[in-house]
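# Summary of structural features
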Amino acid sequence: MTVFTIFGSTGDLMYNKLLPALNNLQKNNHLPGDTKILCVGRRDWDTSDYLAAVDEAVDSSKISEIRTMLEYVKVSLDEASGYDALKGKIESNGENTEKIFYLALPPSLFPKVAGGLSQNGLIKKGENTARIVFEKPFGEDLESAHEINRTLWNYFEEDQIYRIDHYLGKEMIQNILTLRFANRIFESDWNKDSIEKVSIIVKEKHGIDNRGNYYDSIGALRDMVQSHLLQMLALTAMEAPRAFNAQSIRKEKVSLLKKLSLEKGDVFNAQYQGYKAEPKVRKDSRTETFVALKVFIDDSRWRDVPFYMMTGKKMNEKSSEIIIDFKENDVTKNLWPDQKLTHNQLVVKVAPDEGVSFRMNVKETGLSNKIIPSRMDYSHGKDAFGNVPEAYEKLLLEIVKKNALLFTRWDEIETTWRFIDQVTNRCMKAPYIYESEDDLIKTLQERSEYNDS
Ligand code: BG6
């Protein structure tokens, strides 16, 4: 028997991501045969009230496979007896039940709920049938993350704790290490001698929607860079792990993240026009909805190669990509001194298309000797068999299988927050107000540190 207990089950994440992901897993027979899903909330509801709310929020086809597995449980976080009903429901399944507690809650509630679960005996330190999962963001800065983590370590062993960064569940993010280490052609040129620069760009078309409450105290740097973009950077730049397992991969990521450095002027923060009028946003807010950084990695593989990271809301399109620009080489320049050649470029396409493309030079067909750029494209959408699973499907399944590879270990979180705190304290200025992506790009290009990006 496996029981998922999900706190925050009346929130957007539950409706938009977790329920559809569990539904797909069930549809494809990936969930253990006797799985139950306990949906925890503070409202005085029963299961039929909950299902009515789900029906309002989610298209019925997205939960049809799991509808009968859902059960609503009220938990009052502030009362000593608040966990009794939950405890009764979980214990009624017998001793060997696999228990997965998922906290789709703001980080300020993590210690309280973790404490409640522990003090009520729902999850014991070191109990190998019980795991606890935390949604990002894990804290708001290094100090608060430390505080949360200290509390969690009182109650659980590190290997019971799963910290989510949903980008790690995306197909192409998982593919970065394969692309690098299963293809000799890339790995031997993956260094400062051959690579000019690396750009990690995550653009979103929409604004902050109804998330003013959360977003205004966080901003793009802490919402996106601390987690998703730094994970993308770590996987792109880390040394080869000794083995393809959680321990070796996380060790290399941490060691890479510790080597990041940036100059004070190499951060550009901006806010979209109209942001201050969004619901629950302060009228004098300086929160950034766009941020660009140029960072360096202080080691012999990468010295002097700029890594650009850029992310923002209200851009022209939704897209996430890692772009590796290779250097030109002297042989080519000498052989074709009169031709303007493009440099090789490898693009890892994370969203909306998933795949890899490589730009190279070829001779134009026909009688001339003109050299033109051409792209080799691999696209998951076209070339993969069946549907590409959603990030949360993969992550939930890995939790069931007790595989921690796609989750962030405490020292990764600690290292990234240390870096982000440095950026927040030293580099952020009054935000530039942008009207559009084009306006931003023009402004960035006028700044010397970004004009080659
Ligand atoms: C979340 C951020 O972690 O990632 C959101 O909190 C952001 O602000 C989202 O919109 C982007 O994820 P995806 O998968 O849509 O690129």
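## Brief notes about empty space enclosed by the protein
Per the counting criterion, the structure on display carries 1 cavity of 30 Å³ or more. Taken together, 15 residues make up the lining of the largest cavity; nearest its centre are D165, Q226, S227, T408 and I413. Those elements giving two or more residues to the lining of the largest cavity turn out to be α9 (219-237) and α14 (410-427). Considered class by class, the residues forming the lining of the largest cavity number 5 nonpolar, 5 polar and 5 charged.

## Considerations on the layout of surface pockets
By volume, the second largest pocket amounts to about 340 Å³. Lining the second largest pocket we find 16 residues, and of these F326, K327, E328, N329 and N344 sit closest to its centre. Looking at the lining of the second largest pocket, the elements with two or more residues in it are α7 (184-187) and β14 (355-363). Looking at the lining of the second largest pocket residue by residue, the classes come out as 5 nonpolar, 7 polar and 4 charged.

## A short note on the side chain of E393
Relative to the assigned elements, E393 resides in helix α13 (residues 391-400). For the buried E393, no salt bridge is present, and the opposite-charge side chain at shortest range is K27, 9.1 Å distant. Of note is the side chain of E393, whose polar atom sits 3.1 Å from the side chain of N24. Not counting residues up to four positions away in its chain, the partners in contact with E393 are A21, N24 and L25.

## Here's the deal with the packing of aromatic side chains
If you walk through the whole model with that rule in mind, you get 18 aromatic pairs. Where F186 meets F358, the ring centres are 6.1 Å apart and the plane angle is 70°; that geometry is what we call edge-to-face. You can see F186 sitting in helix α7 and its partner F358 sitting in strand β14, a full 172 residues away along the chain. By relative accessible area, F358 is classed as buried at 16%. The ring of Y167 is capped by K170, whose NZ or CZ atom sits 4.6 Å from the centre of that ring.

## Some thoughts on a nonpolar patch on the surface
Together, V331, L335 and W336 give the surface a local cluster of nonpolar side chains, amounting to about 310 Å² of exposed area. Examined against the element boundaries, W336 turns out to sit in the loop between α11 (330-335) and β13 (345-351).

## Notes on the environment of E412
Take E412: it is sitting in helix α14. The exposure class assigned to E412 is buried, which follows from its relative accessible area of 1%. Each C-alpha atom, one on E412 and one on I218, is 19 Å from the other, the two residues being 194 residues apart in sequence. In this structure E412 touches Q231, R250, K253, V254 and F407, once residues within four positions along its chain are discounted.

Each value, and the rule that gives it
- Residues numbered from 1 in each chain as written.
- Predicted model: local features only at pLDDT ≥ 70, side-chain atom pairs only at ≥ 80, totals over all residues.
- Heavy atoms only, no water.
- 1 Å grid on protein atoms, 1.4 Å probe; cavity = no way out; pocket = protein on both sides within 12 Å on 5 of 7 lines; lining within 4 Å.
- Points joined across faces, edges and corners; volume = space filled by probe spheres on them.
- Helix = DSSP H or I, 4+ residues; strand = E, 2+ residues; numbered from the N terminus.
- Nonpolar A, V, L, I, M, F, W, Y, C, P; charged D, E, K, R; others polar.
- Buried < 20%, exposed > 50% of the residue type's maximum accessible area, 1.4 Å probe, protein only.
- Lys, Arg positive; Asp, Glu negative; His and termini not counted.
- Salt bridge = Lys/Arg side-chain N within 4 Å of Asp/Glu carboxyl O.
- Polar contact = N/O pair within 3.5 Å; in protein donor to acceptor, adjacent residues only side chain to side chain.
- Contact = heavy atoms within 4.5 Å.
- Phe/Tyr/Trp six-rings, centres within 6.5 Å; stacked < 30°, edge-to-face > 60°.
- Lys NZ or Arg CZ within 6 Å of the ring centre and 35° of its normal.
- Patch = residues over 30% accessible without salt bridge, like charges linked within 9 Å, V, L, I, M, F, W, Y side chains within 5 Å.
- Areas by Shrake-Rupley, 256 points an atom, 1.4 Å probe, with all protein chains shown as cover.

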